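Read off the chains here:
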Amino acid sequence: QVQLVESGGGLVQPGGSLTLSCAASRMTFRINTMGWYRQSPGKEREMVATVTDFGLTNYAYSVRGRFTISRDNAKNTVYLQMNSLKFEDTAVYFCNVYNSGLGSYWGQGTQVTVSS
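Please read these numbers as outputs of a predicted model, since none were measured by experiment.

**Re the packing of aromatic side chains**
Note on aromatic pairs: each is described by the distance of the centres and the angle between the planes.
Phase 1: This structure, assessed with the given rule, holds two aromatic pairs.
Phase 2: Look at phenylalanine 29 and tyrosine 105: their rings are 5.6 Å apart centre to centre, the planes differ by 25°, and that puts the pair in the stacked class. Note that phenylalanine 29 is positioned in the loop between β3 (18-25) and β4 (33-39) and tyrosine 105 in strand β10 (residues 103-106), a separation of 76 residues in sequence.
Phase 3: Judged by its relative accessible area of 16%, phenylalanine 29 falls in the buried class.
Phase 4: For tyrosine 105, a relative accessible area of 25% translates into the label partly exposed.

**Comments concerning the state of the cysteines**
Phase 1: Under the definition given, this model contains one disulfide.
Phase 2: Each disulfide pairs two cysteine sulfurs, and for cysteine 22 the partner residue is cysteine 95, the sulfurs being separated by 2.1 Å. The sign of the -80° torsion about the S-S bond sets the cysteine 22-cysteine 95 disulfide as left-handed. With cysteine 22 in strand β3 and cysteine 95 in strand β9 (residues 91-99), this pair connects stretches of sequence that are 73 residues apart. For the pair formed by cysteine 22 and cysteine 95, the shared burial category is buried.

**Let's talk about the nonpolar core**
Phase 1: In this structure, Trp36, Leu80, Met82 and Tyr93 are the most contacted members of the largest nonpolar core, which totals 30 residues.
Phase 2: Within the residue set of this core, elements represented by two or more residues are β3, β4, β5 (46-52), β7 (67-72), β8 (77-82), β9 and β11 (110-114).

**Regarding the side chain of threonine 77**
Phase 1: Mapped onto the fold, threonine 77 is located in strand β8.
Phase 2: A distance of 2.9 Å separates a polar side-chain atom of threonine 77 from the backbone oxygen of lysine 75.
Phase 3: Excluding residues that lie within four positions of it along the chain, threonine 77 makes contacts with Cys22, Ala23, Met34, Ser70, Arg71 and Asp72.

**Observations concerning the pairing of strand β1 (residues 3-7)**
Phase 1: Burial along β1 is one-sided: the face carrying Leu4 and Glu6 is buried and the face carrying Gln3, Val5 and Ser7 is not.
Phase 2: In this sheet, β3 lies alongside β1 in antiparallel orientation, the contact comprising five bridges. Bridge pairing links serine 7 to serine 21 in β3.

**Concerning the pattern of salt bridges**
Oppositely charged side chains are able to pair whenever their charged atoms sit close together.
Phase 1: The full count for this structure, using the stated rule, is four salt bridges.
Phase 2: Ionic pairing is found between arginine 66 and aspartate 89, a salt bridge with its closest N-O pair at 2.8 Å. With a gap of 23 residues between them, arginine 66 in the loop between β6 (57-59) and β7 and aspartate 89 in the loop between β8 and β9 connect regions that are remote in the sequence. With respect to class, arginine 66 is no different from aspartate 89; both count as buried.

Conventions we followed
Residues numbered from 1 in each chain as written. Predicted model: local features only at pLDDT ≥ 70, side-chain atom pairs only at ≥ 80, totals over all residues. Heavy atoms only, no water. Phe/Tyr/Trp six-rings, centres within 6.5 Å; stacked < 30°, edge-to-face > 60°. Helix = DSSP H or I, 4+ residues; strand = E, 2+ residues; numbered from the N terminus. Buried < 20%, exposed > 50% of the residue type's maximum accessible area, 1.4 Å probe, protein only. Disulfide = S-S within 2.5 Å. Core = buried A, V, L, I, M, F, W, Y, C linked by side-chain atoms within 4.5 Å. Polar contact = N/O pair within 3.5 Å; in protein donor to acceptor, adjacent residues only side chain to side chain. Contact = heavy atoms within 4.5 Å. Pairing = 2+ DSSP bridges. Salt bridge = Lys/Arg side-chain N within 4 Å of Asp/Glu carboxyl O.

If you want it as structure tokens, here you go:
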């Protein structure tokens, strides 16, 4: 059973920074894509950023230039560096790993709250 453990969420003031981490364990297959998604109350889950096993990245328009996604393939870990955080970045952030044959796996989520 694949396990995804997220960490790094918390409370931060507007303009501040946080780094999220997600470590995947019990992996028996190659991870094609790793990514971060988020969900705010009353809203659908949305893609924040993804990175492929070849290093190609994709970002939501709302976070471009502020967030950076990266991955360590040796550790099966994905990171999300979040800078210049805004009130609207407040959400539960979910880690996702995807394999083309087996589908998606999700973490349990970590809360990010941007508040003054």
